[in-house]
Amino acid sequence: MAKIKLINILAFFCFINYTTSVKTILYLHTKSQVKNLTTTENLDEILDYCAECPSYLLVHGWRASKSEWMINMKNQLFLKSLSINVFIVDWGFGADKFYEDSIKDIDNVSKDLFAYFKNFVQKNLINKISSNLLNIHCIGHSLGAHVCGYFGKLIKSYNFELLRISGMDPAG
């Protein structure tokens, strides 16, 4: 297997000011910045976040936490273009339970993401293709595919839509 050339991409941790028990962690990978945010109020401090660029949201599935496929996909996306934002969702606390309990946490993870992205939209930090279409491609594996679907439904309740949702081996 050919080794992927790693780009010097820096990431920052963004701990969502969540209201659920899942403790969802959202990592934002940009082309050059490291920033550790502890609340959603610090969004203005993201210096090289590209609001005009496409964004990708990668969500792992059951019994996973910041999976290898997510890191590989992030690296491949940055090889194609440095003018993107890649969000990696780690809901390992909720995903590392009995399957039935993890299924119940899908809704909570989606609510955490919605709370966070609502702030991005309100501060005009997400590229809009049109007045209500957000330039976000949500890619989920296993139960992560369902997180993308629930998240898309919540975004729609706010009168916005995601550009695309891709489910890889969706659980069901």
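The structure displayed is predicted, hence computed values, not measured ones.

### Some remarks on the packing of aromatic side chains
Next up, step 1: Scanning all chains against the criterion turns up six aromatic pairs.
Next up, step 2: Ring centres 5.4 Å apart and planes at 55° place the aromatic pair Phe-117 and Phe-151 in the tilted group. Placement of Phe-117 in helix 3 (residues 99–122) and of Phe-151 in helix 4 (residues 143–157) is noted, with a sequence separation of 34 residues between them.
Next up, step 3: Overall, Phe-117 belongs to the buried group, its relative accessible area being 1%.
Next up, step 4: The exposure class of Phe-151 is buried, given its relative accessible area of 0%.

### A closer look at the confidence of the model for the chain
Next up, step 1: Per-residue pLDDT for the chain has a mean of 77; in total, 80% of the residues score no lower than 70.
Next up, step 2: This model gives residues 1–18 a pLDDT under 50, and the stretch forms 60 contacts once residues within four places in sequence are excluded.
Next up, step 3: pLDDT under 50 marks residues 36–40. Its contacts with residues more than four places away, or in other chains, come to 15 contacts.

### Let's talk about the environment of Val-59
Next up, step 1: Its location among the elements puts Val-59 in strand 3 (residues 55–59).
Next up, step 2: It is 6.2 Å that separates the C-alpha atoms of Val-59 and Ile-139, two residues lying 80 residues apart in sequence.
Next up, step 3: Look past the residues within four positions of Val-59 in its chain and what remains in contact with it is Trp-69, Met-70, Val-89, Trp-91, Cys-138, Ile-139, Gly-140, His-141, Gly-144, Val-147 and Cys-148.

### Regarding the nonpolar core
Next up, step 1: If you look at the biggest cluster of nonpolar residues, it comprises 32 residues, and the most contacted ones within it are Leu-57 and Trp-91.
Next up, step 2: Sorting the residues of this core by element identifies strand 2 (25–30), strand 3, strand 4 (85–90), helix 3, strand 5 (133–141) and helix 4 as the ones contributing at least two each.
Next up, step 3: It is helix 3 that provides the largest number of residues to this core, a total of eight residues.
Next up, step 4: Of all hydrophobic cores here, the second largest spans 11 residues; its members include Ile-25, Leu-77, Val-86 and Ile-88.

Calculation notes
- Residues numbered from 1 in each chain as written.
- Predicted model: local features only at pLDDT ≥ 70, side-chain atom pairs only at ≥ 80, totals over all residues.
- Heavy atoms only, no water.
- Phe/Tyr/Trp six-rings, centres within 6.5 Å; stacked < 30°, edge-to-face > 60°.
- Helix = DSSP H or I, 4+ residues; strand = E, 2+ residues; numbered from the N terminus.
- Buried < 20%, exposed > 50% of the residue type's maximum accessible area, 1.4 Å probe, protein only.
- pLDDT = per-residue confidence, 0-100.
- Contact = heavy atoms within 4.5 Å.
- Core = buried A, V, L, I, M, F, W, Y, C linked by side-chain atoms within 4.5 Å.

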